[in-house]
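The residues making up each chain are set out below.
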Amino acid sequence: MVKLISVYTSSFKGLSEESWMLALVMLINRAGSMVLPFLGVYMTGHLHFSIENSGIVLSFFGIGSVLGSWLGGMITDKIGEYRVQSLSLLLSVPLFCLIPLFKTEVGLAAIILIQSIVSETFRPANSVAITKYAKPENITRAFSLNRMAVNLGFSIGPALGGILSAISYEFLFFSNALAALLAGLMYIRFFGKRNKQASLKPKPVKEALAVRKENSPYRDGKFLIYSFFCMLFSICFFQLFSTLTIFYKDTAHLSQQNIGYILGYSGFLIVLLEMGFVQIAEKYFSLAFTLLIGTVLCGISYAMLAFDYSVLTLVISMTLLCIGEIWTLPFMSTITALRSGENNKGAYMGMNGISVALAFIITPYVGTLTADQLGFNTLWIGTGVLAMGIAVGFYFVIPWMLKKKNKHQNIDVE
């Protein structure tokens, strides 16, 4: 037990003060993201929209995520990650306050689209900041710390949202705005002086010339193939947020309370295990093997549901899914950072964000259609088989993409 505690605590060592502050800002911002889980209930119960129209309105959040990822990546490379993150957080404040004023499907879809674009510009800029302030050997752990903050925030947010929405939906939106304001002010206060000092440092001539030489991710064929595999993996993984909960309720016959317990268990497990498991992978696995085993575990976690859905099986399945997530998602960001150059990290992070955002749009439709037309067993087996194919793809694409680019670095990609 003492050794396990020692390994766990050592996984946090070496991370910079800036990495911890970026995670804290993300925690506050995501803990305040209480609106999204309750938008469907708000539209059907409070505004009396049909379920179909509510789904259409919610799809505009996914569209905004794609546009925000693209826009955030592009402008980050032009004006810097500090300005993009500051503007995204502060502009989100009035937008959250405006949402309750829109009572029609068209109006609500429009404000959600705008709000999503503004909020999602934050992600690629935040990823660039993580790579900027983390030591090269700590990049994956810095991404993991940030993801841990996101998971913790998403655990806190819905609980607070349930309490606040019971009081007033308007109060829910205003609290969301307050959290964004607090996160923005903290970020500006901490990073303002650091950004100013960094901007005063003269850039080497070689760095200035590199801007013209570095490729766009949209013309980087190898990276586009890698991003395609990232999108396919996200389509498999995001069943967690759409069809899996429906399966829990309609097929496994779990109560809403028990569904909440399993989802809460997944968030707790991520927070508990992520940093330690990432350190294990960094020490003993190559990047290609890490994504191979992580994707395989995610596939197994879904495929096993086609054969049994007892409570024990559901817990084991969720455990495997969490471990697979830990060994896949943070390393996807690390690989993106390694593929990018010094002056186009924002564009590469934005492209990777687009691949994930596209999956957020595709998954609910494809998953529910497959389950409705062919049954859940087909969906779970199909997801498992697809995940196995993606795992093999990752294993060969990653060394092919990174080997020459990182041959001068001490990075094990094969």
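Cut-offs used in this document
- Residues numbered from 1 in each chain as written.
- Predicted model: local features only at pLDDT ≥ 70, side-chain atom pairs only at ≥ 80, totals over all residues.
- Heavy atoms only, no water.
- UniProt positions renumbered as here; feature names shortened; annotations may be inferred.
- Helix = DSSP H or I, 4+ residues; strand = E, 2+ residues; numbered from the N terminus.
- Contact = heavy atoms within 4.5 Å.
- Areas by Shrake-Rupley, 256 points an atom, 1.4 Å probe, with all protein chains shown as cover.
- Core = buried A, V, L, I, M, F, W, Y, C linked by side-chain atoms within 4.5 Å.
- Buried < 20%, exposed > 50% of the residue type's maximum accessible area, 1.4 Å probe, protein only.
- Salt bridge = Lys/Arg side-chain N within 4 Å of Asp/Glu carboxyl O.
- Phe/Tyr/Trp six-rings, centres within 6.5 Å; stacked < 30°, edge-to-face > 60°.
- pLDDT = per-residue confidence, 0-100.

Within an unreviewed UniProt entry, the label attached to the chain reads MFS transporter, and the organism entered is Chryseobacterium vrystaatense. Under the heading Subcellular location (unreviewed entry), UniProt records this for the chain: "Cell membrane".

Next up on the list: the overall build of the chain. A count of helices and strands for the chain gives 18 helices and zero strands. Sequence-distant contacts, at least 24 apart, represent 85% of the contacts inside the chain between residues at least 6 apart. Summing over all exposed atoms, the chain offers an accessible surface of approximately 19,300 Å²; the carbon and sulfur share of this is 68%.

Quick look at the nonpolar core now. Counting residues in each nonpolar core, the largest one holds 56 residues, and the members touching the most others are Tyr 226, Leu 244, Tyr 248, Trp 380, Phe 394 and Ile 398. Those elements that provide at least two residues to this core are α11 (221-237), α12 (243-250), α13 (256-284), α14 (287-303), α15 (311-326), α16 (329-339), α17 (345-374) and α18 (376-402). The element that contributes the greatest number of residues to this core is α11, accounting for 10 residues. In this structure, Leu 89, Ala 129, Ala 142 and Met 148 belong to the second largest nonpolar core, which totals 30 residues.

Moving on to the pattern of salt bridges. Following the criterion strictly, the structure yields four salt bridges and no others. With its nearest N and O atoms 3.9 Å apart, the salt bridge here joins Glu 282 to Arg 141. Residue Glu 282 is found in helix α13, and its partner Arg 141 is found in helix α8 (residues 139-167); the two are separated by 141 residues along the sequence. A salt bridge links Asp 220 to Arg 339, with the shortest nitrogen-to-oxygen separation between them at 2.9 Å. Taken together, the positions of Asp 220 in the loop between α10 (205-213) and α11 and Arg 339 in helix α16 put the pair 119 residues apart, joining distant regions of the chain. We note that Asp 220, like Arg 339, is buried.

Here we come to the packing of aromatic side chains. In this structure the tally under the stated criterion is 21 aromatic pairs. On the numbers, 6.0 Å between centres and 55 degrees between planes, the contact of Tyr 226 with Phe 394 is tilted. Of this pair, Tyr 226 sits in helix α11 while Phe 394 is found in helix α18, placing the two residues 168 residues apart along the sequence. The pair formed by Tyr 226 and Phe 394 is uniform in burial state, with each residue classed as buried. Measuring from ring centre to ring centre gives 5.2 Å for Phe 247 and Phe 376, while their planes differ by 65 degrees; the resulting arrangement is edge-to-face. Remark: Phe 376 occurs in helix α18 and Phe 247 occurs in helix α12; sequence separation between them is 129 residues. Every member of this aromatic cluster is reached through a ring pair, and the members are Phe 223, Tyr 226, Phe 228, Phe 229, Tyr 348 and Phe 394.

Another point: the confidence of the model for the chain. The share of residues in the chain with pLDDT of 70 or more is 85%, and the mean pLDDT across the chain is 83. At the level of individual helices and strands, the chain shows its lowest average pLDDT in α10, which scores 41, and its highest in α14, which scores 97. Within the model, pLDDT remains below 50 along residues 203-213, and this stretch shows three contacts once partners closer than five positions in the same chain are excluded.

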